[in-house]
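The primary structure of each chain is shown beneath.
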Amino acid sequence: MFLQASKVEVGLPAWLELFGQTYTKSSDIKKRMLFVIAASQKNIQMQTGGPFAAAIFEANSGKLISLGVNLVTNQGLSVLHAEIVAITLAQRKLGSFDLSGHSSLDYELVTSTEPCAMCLGSIPWAGIRRVITGATDSDAREIGFDEGDKPDDWVGGLSLRGIKVINNIQRDEARFVLKSYLKAKGQIYNTDIG
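The shown structure was predicted, so the numbers you read here are calculated from the model rather than taken from an experiment.

Trainee: Could you clarify how one ought to interpret the pairing of strand E4 (residues 130–135) in this entry?
Mentor: Each regular strand carries side chains that alternate between the two faces of the sheet. Of all six residues in E4, six are buried; the element is thus mostly enclosed. By the bridge criterion, five bridges tie strand E3 (residues 107–113) to E4 in an arrangement that is parallel. Counterpart to Thr 111 in the pairing with E4 is Thr 133. Taken together, E3, helix H5 (residues 117–126) and E4 form a β-α-β motif whose crossover is right-handed. Here three bridges tie E4 to strand E5 (residues 164–166), and the two strands are oriented parallel to one another. Note that in E5 the partner of Arg 130 across the bridge is Lys 164.

Set out below in structure tokens:
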């Protein structure tokens, strides 16, 4: 007989809500990125997942909508990348799967590291209008993460869909977090796929 779970639940780290409350609204994308990078570092310190964080903000005002961290190892679910968690929380909070369809506001994804192949695919479907990244794909690969097969010109692909991308914001700080995860012997998962 076939049996499967009737519900999938995701537990968020206890510290995440309080950490989100420390954010001070800012129109400065560097300040927003530093907040996201600090969340990625906290995720390592609290041992609640991988070295990645992402948040959804109102692009113009800088208001924080949601904050996500990588929960793959903590929850045992490969899809729980920081971007997916942040997008999911924003969609629940705003009551729509399309963050561009029910508001005059544009929403942006600020992510500590460039999106992997899976997260890249979720960006246009979620209605994100701008993506801001810290560390690069190569920075993540350098410590052993498999980022999947992404188009060489993924930025151009998003641009064709009307999504602006700004890369390398506070890259050195974001790269430092990745290296600190490796130094702390954090679990590098999904390697040697193929």
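Trainee: Where do I start with the sheet that holds E5 in this structure?
Mentor: Either a parallel or an antiparallel arrangement is found when strands of a sheet pair, and the pairing is made through backbone hydrogen bonds. Pairing is mixed across the open sheet formed by five strands, whose spatial order is E2-E1-E3-E4-E5. Strand pairing shows two members of the sheet lacking a second neighbour, strand E2 (64–69) and E5, which therefore form its edges. Taking the axes of each pair of neighbouring strands and ignoring which way they run, one obtains an average angle of 15° across the sheet. Strand direction decides the pairing type here: strand E1 (residues 53–58) and E2, joined by five bridges, are antiparallel. Paired with Ile 56 across the two strands is Ser 66, which belongs to E2. Sheet strands touched by helix H2 (residues 29–45): E1, E2, E3, E4 and E5. Its angle to E3, the strand with the most contacts, is close to 50°.

Trainee: So what exactly am I meant to see when it comes to the nonpolar core here?
Mentor: Taken as a class, soluble globular proteins show a tendency for nonpolar side chains to be buried jointly. The biggest cluster of nonpolar side chains holds 54 residues, and the ones touching the most others in it are Phe 35, Ile 56, Phe 57, Ile 128 and Leu 158. Looking at this core element by element, the count peaks at seven residues for H2. Not counting residues up to four positions away in its chain, the partners in contact with Phe 57 are Tyr 23, Arg 32, Phe 35, Val 36, Gly 62, Lys 63, Leu 64, Ile 65, Asp 106, Tyr 107, Glu 108 and Val 110.

Trainee: Explain the pattern of salt bridges here, please?
Mentor: Charged atoms that come close allow side chains of opposite charge to pair. In this structure the tally under the stated criterion is nine salt bridges. Between Lys 7 and Glu 9 there is a salt bridge, with the nearest N and O atoms lying 3.5 Å from each other. The exposed category is assigned to Lys 7, whose relative accessible area is 58%. For Asp 137, the salt bridge identified is with Arg 141, shortest N-O distance 2.4 Å. Of this pair, Asp 137 and Arg 141 both sit in helix H6 (residues 137–142), separated by four residues, roughly a single helical turn. Given the relative accessible area of 13%, Asp 137 is considered buried.

Trainee: Whenever I open this one, the pairing of E1 confuses me. Can you help?
Mentor: A large share of E1 lies buried, amounting to six of its six residues. Where burial is concerned, the two faces of E1 agree: the one with Ala 53, Ala 55 and Phe 57 and the one with Ala 54, Ile 56 and Glu 58 are both buried. Where E1 lies against E3, five bridges are found, and the strand directions are antiparallel. Bridge assignment links Ile 56 to a residue of E3, and that residue is Leu 109.

Trainee: It is not clear to me how unusual backbone geometry should be interpreted in this structure. Could you clarify?
Mentor: Generally, phi is negative for residues other than glycine and the peptide bonds are trans, each holding for most cases. Although it is not a glycine, Asn 168 sits at a positive phi angle of roughly 65°. With respect to the helices and strands, the residue Asn 168 is situated in the loop between E5 and helix H8 (171–183). Unlike most non-glycine residues, Gln 170 shows phi in positive territory, near 55°. Of note, Gln 170 is situated in the loop between E5 and H8.

Reading the values: rules and limits
Residues numbered from 1 in each chain as written. Predicted model: local features only at pLDDT ≥ 70, side-chain atom pairs only at ≥ 80, totals over all residues. Heavy atoms only, no water. Buried < 20%, exposed > 50% of the residue type's maximum accessible area, 1.4 Å probe, protein only. Helix = DSSP H or I, 4+ residues; strand = E, 2+ residues; numbered from the N terminus. Pairing = 2+ DSSP bridges. Right-handed = clockwise from strand over helix to strand, strands pointing away. Axes fitted to C-alpha atoms, helices over the stretch in contact; angles between N-to-C directions. Contact = heavy atoms within 4.5 Å. Core = buried A, V, L, I, M, F, W, Y, C linked by side-chain atoms within 4.5 Å. Salt bridge = Lys/Arg side-chain N within 4 Å of Asp/Glu carboxyl O.

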